[in-house]
Amino acid sequence: MSDFVQDIWYFAGLSSDIKTGDLIRVVIAGEPITLGRKRDGIVFALRDICPHRAAPLSAGRIIDDAVECPYHGWKFGVSDGACTDIPALTEAQAMDTTRIKVRHFPTVENGALIWVYLSSDKRFSGTPPIDPPRFDFANRKALMSDALTLNCHVDHAVIGLMDPAHGPYVHRQWWWRSAKSMHAKSKAFEPRERGFAMAPHSPSSNSFAYKLLGGTPVTEITFRLPGIRTENIKVGDKTLLSFTAVTPIDATRTHIRQVFFTDILTIRLLKPILKMGARKFLRQDADMVDLQQMGLKFDPNLMLIEDADTQAKWYQALKKEWAASKADGRDFVNPVKAKTLHWKS
Ligand code: FES
Ligand SMILES: [Fe+2]
């Protein structure tokens, strides 16, 4: 598991994924996690394996501030994972149950987005040294969201996500763009917190979908570790925020979640069409991942060429520097330098 980014906040789900009193199961970077929401609305995360005999706590229930295992009813406090009750013990068998612990993960709900902190130290407790990402525009109900499991390691999914050259091929369709509409592009990039951004610009005029917005949209695209991409489109004082999280499940599967937030009326009205289009894009990427696996299973050497693949190189450099800074116990130094990249797509 060491080749997943650690000591960082992972996107765990949308607020609407977890109703009050519910427990759900997610697997992030090889860790099965149960996410729950207490009666008071607070969201928490515990390892989804009971330390007694491995039953998933997500199949149990929440009782006040504890999760009750479905198998023998052991209870674990949601704020620290300590066992608070072993019902099978008699009065004469007094023992300090709190010495038994299930792993507890710091959890934050920022607007509609839920973040879980994965420490490299499994016994970590307390406040993480960094804050989870915060996107002010995500403080509202999502317009829509979509999810898929990609059959690849997270690195291939992230690199595919930021790859500007596959659009005219993988996403070729009459209403979007074609190989014929390819032209030279120059985009200015700059370092950002734990990542980088394509500086605000007006999207290419060959993107018919953007024209539907009305007015000149200005787009800013950001990427940050571990695999969070945002595309923020502003038209006047209105916004469309497209949020994408690419999260490793295990070494061969990756979860991709795409969420749209907007106060642009046209977009809200076009929701069914937008949803179909977004779905199609995701499927096209997933199909290409499956094709790519046909080659990857022979463990070939791969290439990263010129500016079209520079963002992929930055991702690798960011990941390496993140791990190195943690190993050395020093501050992270962003390896990305401001640069204008040129490519055709
Ligand atoms: S397996 Fe959870 S209480 Fe026994
Ligand atoms: Fe794509």
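Here is a short report on the structure shown in this document. (Residues numbered from 1 in each chain as written. Chains lettered and ligands numbered in written order. Predicted model: local features only at pLDDT ≥ 70, side-chain atom pairs only at ≥ 80, totals over all residues. Heavy atoms only, no water.)

### Remarks on the coordination of the iron ion (ligand 2)
1) Next: Protein-derived coordination of the iron ion (ligand 2) comes from H166 (NE2), H171 (NE2), D285 (OD) and D285 (OD), at a distance range of 2.1 to 2.5 Å.
2) Next: One can describe the donor arrangement at the iron ion (ligand 2) as irregular, given that its four donor atoms subtend angles of 55 to 149 degrees at the metal.
3) Next: By relative accessible area, which is 5% here, H171 ends up buried.
4) Next: You can call D285 partly exposed: its relative accessible area is 25%. (Donors = N, O, S within 2.8 Å, 3.2 Å for Na, K, Ca; no water. Tetrahedral: all angles 85-135°; square planar, octahedral: opposite > 155°, others 65-115°. Buried < 20%, exposed > 50% of the residue type's maximum accessible area, 1.4 Å probe, protein only.)

### Thoughts on the sheet that holds strand β5 (residues 61–63)
1) Next: The strand order β5-β6-β7-β8 describes an open sheet built from four strands, whose pairing is antiparallel. The outermost strands of the open sheet, each flanked by one partner alone, are β5 and β8 (83–85). The mean angle between the axes of side-by-side strands here comes to 40 degrees, regardless of whether they run parallel or antiparallel.
2) Next: Relative to β8, strand β7 (residues 75–77) runs antiparallel, the two being bridged by two bridges. Each residue of the ladder has a partner; that of K75, found in β8, is D85. (Pairing = 2+ DSSP bridges. Helix = DSSP H or I, 4+ residues; strand = E, 2+ residues; numbered from the N terminus. Axes fitted to C-alpha atoms, helices over the stretch in contact; angles between N-to-C directions.)

### Concerning the environment of F243
1) Next: With respect to the secondary-structure elements, F243 resides in strand β17 (residues 238–250).
2) Next: By relative accessible area, which is 0% here, F243 ends up buried.
3) Next: Along the chain, F243 and R257 lie 14 residues apart, while their C-alpha atoms are 8.1 Å from each other.
4) Next: Residue contacts for F243: discarding those within four places in its chain leaves F11, L113, W115, F135, I228, R229, T230, R257, Q258, V259 and F261. (Contact = heavy atoms within 4.5 Å.)

### Notes on a positive patch on the surface
1) Next: Among the surface-exposed residues, R140, K141, K238, R268, K271 and K275 lie close enough to one another that they form a single positively charged patch.
2) Next: Secondary-structure assignment places K141 in the loop between β11 (113–118) and β12 (144–150). (Patch = residues over 30% accessible without salt bridge, like charges linked within 9 Å, V, L, I, M, F, W, Y side chains within 5 Å. Areas by Shrake-Rupley, 256 points an atom, 1.4 Å probe, with all protein chains shown as cover. Salt bridge = Lys/Arg side-chain N within 4 Å of Asp/Glu carboxyl O. Lys, Arg positive; Asp, Glu negative; His and termini not counted. Charge placed at Lys NZ, Arg CZ, Asp CG, Glu CD.)

### A few points about the packing of aromatic side chains
1) Next: Considering all chains together, one arrives at 13 aromatic pairs under this definition.
2) Next: Between F189 and W343, the aromatic rings sit 6.4 Å apart at their centres with planes inclined by 50 degrees, giving tilted as the arrangement. Taken together, the residues F189 in strand β13 (residues 184–192) and W343 in strand β19 (residues 339–344) connect sequence positions 154 residues apart.
3) Next: In this structure F189 comes out as buried when scored by relative accessible area, which is 3%.
4) Next: Note on W343: relative accessible area 8%, which makes it buried.
5) Next: Relative to F223, the ring of F196 lies with its centre 5.6 Å away and its plane at 35 degrees, an arrangement referred to as tilted. Remark: F223 occurs in strand β15 (residues 218–224) and F196 occurs in strand β14 (residues 195–201); sequence separation between them is 27 residues. In this pair, the class of F196 matches that of F223, namely buried.
6) Next: Of the aromatic side chains, those joined through ring pairs into one cluster are F189, F196, F223, W314, Y315 and W343.
7) Next: The residue whose ring lies beneath R140 is F137, and the NZ or CZ to ring-centre distance is 3.9 Å. (Phe/Tyr/Trp six-rings, centres within 6.5 Å; stacked < 30°, edge-to-face > 60°. Lys NZ or Arg CZ within 6 Å of the ring centre and 35° of its normal.)

### A look at unusual backbone geometry
1) Next: In this chain, L225 is followed by P226 through a cis amide linkage whose omega measures 0 degrees.
2) Next: Relative to the elements of secondary structure, P226 occurs in the loop between β15 and β16 (228–235).
3) Next: Look at E306: it is not a glycine, yet its phi comes out positive at around 50 degrees.
4) Next: With respect to the helices, strands and loops of the structure, E306 is situated in the loop between α5 (271–296) and α6 (310–328).
5) Next: By relative accessible area, which is 59% here, E306 ends up exposed.

### Quick look at the sheet that holds β16
1) Next: Across the sheet, eight strands lie side by side as β12-β18-β17-β16-β15-β14-β13-β19; this open sheet has antiparallel pairing. Both edges of this open sheet fall to β12 and β19, since each of them pairs with a single strand only. Sheet twist, expressed as the average angle between the axes of neighbouring strands with direction ignored, equals 20 degrees.

### A short note on the environment of K271
1) Next: Along the chain, K271 falls in helix α5.
2) Next: As for K271 and F260, which are separated by 11 residues in sequence, their C-alpha atoms are 9.9 Å apart.
3) Next: Dropping the residues within four chain positions of it, K271 is found in contact with L143 and M144.
4) Next: Here the side chain of K271 touches L143 through a polar contact of 3.1 Å, landing on its backbone oxygen. (Polar contact = N/O pair within 3.5 Å; in protein donor to acceptor, adjacent residues only side chain to side chain.)

### A look at the pairing of β12
1) Next: Of the two faces of β12, the one holding M144, D146, L148 and L150 is buried and the one holding S145, A147 and T149 is not buried anywhere.
2) Next: Across seven bridges, the pairing between β12 and strand β18 (residues 253–262) is antiparallel. Bridged to L150 within β18 is T254.

### Points about a nonpolar patch on the surface
1) Next: On the surface, M288, L291 and M294 cluster together to form a nonpolar patch covering roughly 300 Å² of accessible area.
2) Next: Positionally, M294 belongs in helix α5.

### Quick notes on the pairing of strand β3 (residues 31–37)
1) Next: Buried residues dominate β3, accounting for seven of its seven residues.
2) Next: Burial of the side chains of β3 extends over both faces: E31, I33, L35 and R37 are buried on one face and P32, T34 and G36 on the other.
3) Next: Relative to β3, strand β2 (residues 23–28) runs antiparallel, the two being bridged by six bridges. Pairing of L23 across the sheet is with G36, part of β3.

These results come straight from atomic positions and should not be treated as a statement about function.
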